[in-house]
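Spelled out, the chains give:
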Amino acid sequence: MTESGAETELRGNGSVRKGCDPFAQTQRSKLQNRRARINQQINKEMRMRAGAENLFRATTNNKVKETVALELSFVNSNLQLLKEELEELNSSVEVYQNEKGNTSLKQMSQNFSSSESISVPMIPLGLKETKEVELTMPLKDFIEEHYNEEGCKYEKEMKELMDLRQAMRTPTRNDAGIELLMEYYNQLYFIDNRFFPPNKILGIFFHWYDSLTGVPSYQRALAFEKGSVLFNIGALYTQIGARQDRTTKEGIDHAIDAFQKAAGALNYLKENFSNAPSLDMSTPSLNMLVQLMIAQVQECVFENVMVAGVKDEFLIQLQSAQEAARVADVYSLVYQTMTQPPVKDYVPFSWTTMVQVKSEYFKAVSHYFAAVALCDHMMGPDDDESEQEKALQQLHVTMPEGPSLITVLKDKEERRKLGKAHLKKAIIKHEEAMRIHSLCRILRKMDILQEVLAFAHKRSLKKYSEIDREDDFFDTVEAPEIHPKTQQKPEIKTPNFSKVKVTDIFHRLGPLSIFSAKNRWSPAKEVHLEKSEKGFGFTLRGDSPVLIAGVVPGGSADEAGLREGDYIVSVNRQDCKWSKHIDVVQLLKNISTEGVRIGVITLNISEQQNNQADRKSLLGTMSSTSIFGNDKENSRKIADSSRGSGLLITWNKKKNTSKDGSTHSLPFIAVSDGGSFY
């Protein structure tokens, strides 16, 4: 069953992206539902354990202590079983693979090029689960307290925000799912600035479950919500990469792109977060995950070479050997990272085993291709001798024992000896990969991986038997390691948030440059002005909202109590928060002799001065609420004590510079240079 259960709903002048139908019975949705159930059970057991531990510390009754200790042993046992079940779900990588990639080797032609095009399963990440969060009442209260407006007027906006958050919990496994997560992520910039003041904590807790351990974390900091969504963007990219049909060049290219973007999202998270409360977002975990994604990109690069077809040319065979050695090298680094504390304590054993298996497997493949190049090659009259000698010289980490390389190239028997040494090492490495594979119960269930390992081993044995002779009495030399080299280096692609434009859901509150959580102002007051021969007695500047730049002493505005620095929010009760300078001018020009009612607000003095300085430093004017969503430059620092862990989570401020040197930032409302007098 496919993930076609995605829905869309029109909103305003566009469409709202919806997530998958959570009740759709796809393999992936079933897996995610099981993860959610286990997460909730782990949460329940951890609460019981916390209560039992508190009672154990508080009681002095030995009998009670014994009872509580027994209960704790049961709870810890249940927790261990649940974590093992979650680990097995995290190891269910086949659910995320492409169906074509799981074709049995028995259905493929038995030649080496087609066997290499079989898609060995990749390791995807499961999405972080989250609980529903009730935002409606806290935001309504904040609107009434801070913005001095009736919160009930914004019920439509509240529902839109809640629907968006609900949808992003079940994103489809395609570009639409990525856009949905990015839309919510970008929208959090506005929510942060609208409702989360620097010196006040709202009564909102964001609950997210650790993707690897299922342990719940909850914080008041909106940065935790943003970081968790960003993690899911990276995780969804890994699932998109894993589902590609890597038996075709197009599918491999899509997989490379997805894994590179996954690495970019996770790396971006690592660079912008500190003191994350959950293990999956800790620096060691993110380092490991980024390395894993890069290794999977490198594997796809090797698969690209195989799909193109390894011809019987000497140089191409040597290049294939070095590409395979490069894949083995990066997986070896990932394995070292996975086996270091604290990562080794919570990474699934099947992941660690698969990475080790792949490292040994690709080492074997590299030696196999080196052997094929040496044994099957016959230098022709048109071959470039110096080029082939140089390629062979660069093949090994150290020079092989025996005669010179040019002698090896020209002497078939010497090539056979060296090729036989490489085949011997290939067979040893294949057998080691199969041995490691057999140690993991979960990997033993993975038929496609087992078949690939067995086929490659038999292929090396067959080649060895072809070149082995009964009269070989020479001692087989030790084959040097293959020098890793790649024609395409993986790239970490930072998420391009600018691709998803969003509109501030609560834009009716007014321009964000003024009507934000960090600013304080007096309640809006309405004054009645009579137009005299000299006009209303004030000058205007700027757009959205228009600023009273000056008040004429003794004029109508002065007598009504208007002051320099006031912002006009309404004219004759027509909302003017988003009105441009020219529009307010036109409204005032059309005033009858009865006068006009003007609504104004006054910012606190210090904030007003800072705000005016910021506004005057900007160059253009912009009143649209559509943004390009990168919020690195303008995000404020958020710190909040986590009740669960006592850690602080912080969103760091950094500029996001593109390759072309430009910096993405969110728009401000700029002030025009000229003014108008009334």
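To be clear, the structure that these remarks concern was listed above.
In what follows, the accompanying structure is described. This one's a predicted model, so the numbers in the text were calculated from it and none came from an experiment.

**Structural notes on the overall build of the protein chain**
Move 1: Within the protein chain, the secondary structure is distributed over 19 helices and 15 strands.
Move 2: For the protein chain, the residues scored as buried account for 53% of the 678 residues in total.
Move 3: In the protein chain, 78% of the contacts between residues at least 6 apart in sequence involve partners at least 24 apart.
Move 4: As displayed, the protein chain offers around 30,800 Å² of accessible surface, 49% of which is attributable to carbon and sulfur atoms.

**Here's the deal with the pattern of salt bridges**
Move 1: Applying the stated criterion across every chain, the model contains 28 salt bridges.
Move 2: R508 is the salt-bridge partner of E157, the closest N and O atoms lying 2.7 Å from each other. Separated by 351 residues along the polypeptide, E157 in helix α5 (residues 155–168) and R508 in the loop between β6 (501–503) and β7 (525–529) bring together distant segments of the chain.
Move 3: Its relative accessible area of 6% is what places E157 among the buried residues.
Move 4: For E466, the salt bridge is made with K463, and the minimal N-O distance between the two is 3.8 Å. Of this pair, E466 and K463 both sit in helix α16 (residues 447–467), separated by 3 residues, roughly a single helical turn.
Move 5: By relative accessible area, K463 is classed as buried at 11%.
Move 6: Several salt bridges share partner residues, and in doing so they unite D257, K261 and K493 into one network.

**Describing the side chain of K577**
Move 1: Within the secondary structure, K577 sits in the loop between β11 (574–575) and α18 (581–589).
Move 2: Polar contacts involving the side chain of K577 include one to the main-chain carbonyl oxygen of L509, which spans 3.5 Å.
Move 3: Those residues within four positions of K577 in sequence are excluded, and the remaining contacts are E149, R508, L509, G510, P511, F515, S544, P545 and V569.

**What to know about the pairing of strand β12 (residues 596–601)**
In regular strands, side chains alternate between the two faces of the sheet.
Move 1: The buried fraction of β12 amounts to 5 of the 6 residues, a majority that puts the element mostly inside the structure.
Move 2: Where β7 meets β12, 5 bridges bridge the pair, whose relative direction is antiparallel. Note on β12: the bridge partner recorded for H528 is R597.
Move 3: Relative to β12, strand β10 (residues 567–571) is paired through 4 bridges, and the arrangement is antiparallel. In the sheet register, V571 faces β12, and the bridge partner there is I598.

The rules behind these values
- Residues numbered from 1 in each chain as written.
- Predicted model: local features only at pLDDT ≥ 70, side-chain atom pairs only at ≥ 80, totals over all residues.
- Heavy atoms only, no water.
- Helix = DSSP H or I, 4+ residues; strand = E, 2+ residues; numbered from the N terminus.
- Buried < 20%, exposed > 50% of the residue type's maximum accessible area, 1.4 Å probe, protein only.
- Contact = heavy atoms within 4.5 Å.
- Areas by Shrake-Rupley, 256 points an atom, 1.4 Å probe, with all protein chains shown as cover.
- Salt bridge = Lys/Arg side-chain N within 4 Å of Asp/Glu carboxyl O.
- Polar contact = N/O pair within 3.5 Å; in protein donor to acceptor, adjacent residues only side chain to side chain.
- Pairing = 2+ DSSP bridges.

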